[in-house]
Amino acid sequence: MSKPRVAVYKMSSCAGCQLEILNLEPILLDLLGTVELSYFVMARRENEPGPYDIGLVEGAITCGEEIERLKKARQECHLLVALGSCACYGGLPSIKNWQPQRVVESRVYDNLAAIHSTTAYGIDYYVPVDAYLKGCPVSREELLDFIKSTLLGVRPYLRPHSVCVECKLHENVCLFVTDGAICLGPVTTAGCGALCPSRGKPCDGCRGPANDANTVSLAQTMVSYGLHHSDIARYFRKFAGMTPEFSKGAEAV
Ligand code: SF4
Ligand code: SF4
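Note that the structure is predicted; figures quoted are calculated from it, not measured.

1. Quick notes on the nonpolar core
Now for step 1: Tyr9, Leu70, Leu80, Ile123, Met222 and Phe236 are the most contacted members of the largest nonpolar core, which has 38 residues in total.
Now for step 2: Among the domains, domain 1 (5-152) and domain 2 (163-252) are the pair contributing at least three residues each to this core.
Now for step 3: Aside from chain neighbours lying at most four places away, what touches Phe236 is Leu184, Val187, Thr215, Leu218, Ala219, Gly241, Phe246, Gly249 and Ala250.
Now for step 4: Core analysis: the next-biggest nonpolar cluster, separate from the first, contains 21 residues, Val8, Phe40, Leu133 and Leu143 among them.

2. Concerning the site of ligand 1
Now for step 1: Inspection of the region around ligand 1 gives Ser13, Cys14, Gly16, Cys17, Glu58, Ser85, Cys86, Gly135, Cys136 and Pro137 as its neighbouring residues.
Now for step 2: Elements supplying a minimum of two residues to the shell around ligand 1: helix H1 (16-22) and helix H4 (85-89).
Now for step 3: Looking at side-chain class alone, the shell around ligand 1 contains 5 nonpolar, 4 polar and 1 charged residues.

3. Things to note about the domain arrangement of the protein chain
Now for step 1: The domains assigned to the protein chain are domain 1 (5-152) and domain 2 (163-252).
Now for step 2: Once you take the C-alpha centre of each, domain 1 and domain 2 turn out to be 25 Å apart.
Now for step 3: Each partner contributes to the interface: domain 1 provides 17 residues, whereas domain 2 provides 14 residues.
Now for step 4: In total, about 1,200 Å² of surface goes out of reach between domain 1 and domain 2, with carbon and sulfur atoms giving 60% of it.
Now for step 5: For the domain 1 face of the interface with domain 2, the top three residues by lost area are Tyr89, Trp98 and Lys134, together amounting to 50%.
Now for step 6: Across the domain 1-domain 2 interface, the total number found is 1 salt bridge.

What counts and what doesn't
- Residues numbered from 1 in each chain as written.
- Chains lettered and ligands numbered in written order.
- Predicted model: local features only at pLDDT ≥ 70, side-chain atom pairs only at ≥ 80, totals over all residues.
- Heavy atoms only, no water.
- Core = buried A, V, L, I, M, F, W, Y, C linked by side-chain atoms within 4.5 Å.
- Buried < 20%, exposed > 50% of the residue type's maximum accessible area, 1.4 Å probe, protein only.
- Domains from an automatic or database assignment.
- Contact = heavy atoms within 4.5 Å.
- Near = heavy atom within 4 Å.
- Helix = DSSP H or I, 4+ residues; strand = E, 2+ residues; numbered from the N terminus.
- Nonpolar A, V, L, I, M, F, W, Y, C, P; charged D, E, K, R; others polar.
- Buried area = accessible area lost by both parts, 1.4 Å probe.
- Salt bridge = Lys/Arg side-chain N within 4 Å of Asp/Glu carboxyl O.

Take a look at the structure:
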């Protein structure tokens with residue numbers, strides 16, 4: 001039986017999620033025994049044309065050229081997967097959405113005539129998406145879990161709870177209650193193992209909203225703790241401000 005063919009596409013991104021695929025180094029050869037990495041410009045000198053069984057799309061969509069490439073990717077892939085926070089809901093590139101487009105562009109470019117960027121969206125704004133692998137960068141464990149589940153034909157494990165739960169499992173001291181830090185752990189999807197709070201850093205919400213996240217309540221509680229309105233709004237907009245849940249949190253203060 002032929003191996004499933006995998007394609008990795010890059011849109012507007014830092015390439016950190018693609019790098020995480022290469023960082024699977026200790027098991028990359030095992031992985032290549034089960035799937036064929038047919039299209040991966042960052043890793044292959046020569047790439048093969050579609051169709052592909054699985055397409056992993058990294059990056060937000062921020063210009064017309066990317067919309068066209070994304071639509072082509074959708075056509076040539078059986079399963080299309082959003083790889084990382086940028087592709088899932090805009091991620092860091094979506095920070096620019098809260099300022100006028102020309103103001104943002106003029107901070108980076110001298111000649112704006114050649115710039116044709118648009119509002120940054122996750123890929124499901126333009127095409128149907130079959131799975132979301134969240135995180136900035138994507139979790140290697142979840143990526144492997146997804147590939148294994150796909151090969152076995154079973155549903156991957158989806159975590160319904162928040163980062164707060166993982167923090168409690170690690171017996172971390174709550175940074176919000178004890179330090180008065182803005183921490184989005186209570187409303188952010190678990191799966192990173194509470195990576196940041198376990199190292200004394202609050203959660204920035206890179207994995208986006210957890211199921212039933214009450215972001216309005218968290219934002220208002222933060223205000224009652226004396227935290228600054230604009231700081232709270234900035235946290236909610238850092239990675240997933242384009243999601244309805246985090247958008248509500250930002251607007252509640
Ligand atoms: S999700 Fe983070 S690591 Fe991945 S491409 Fe976007 S900015 Fe880079
Ligand atoms: S703790 Fe929060 S910001 Fe840190 S990796 Fe996990 S979800 Fe992302």
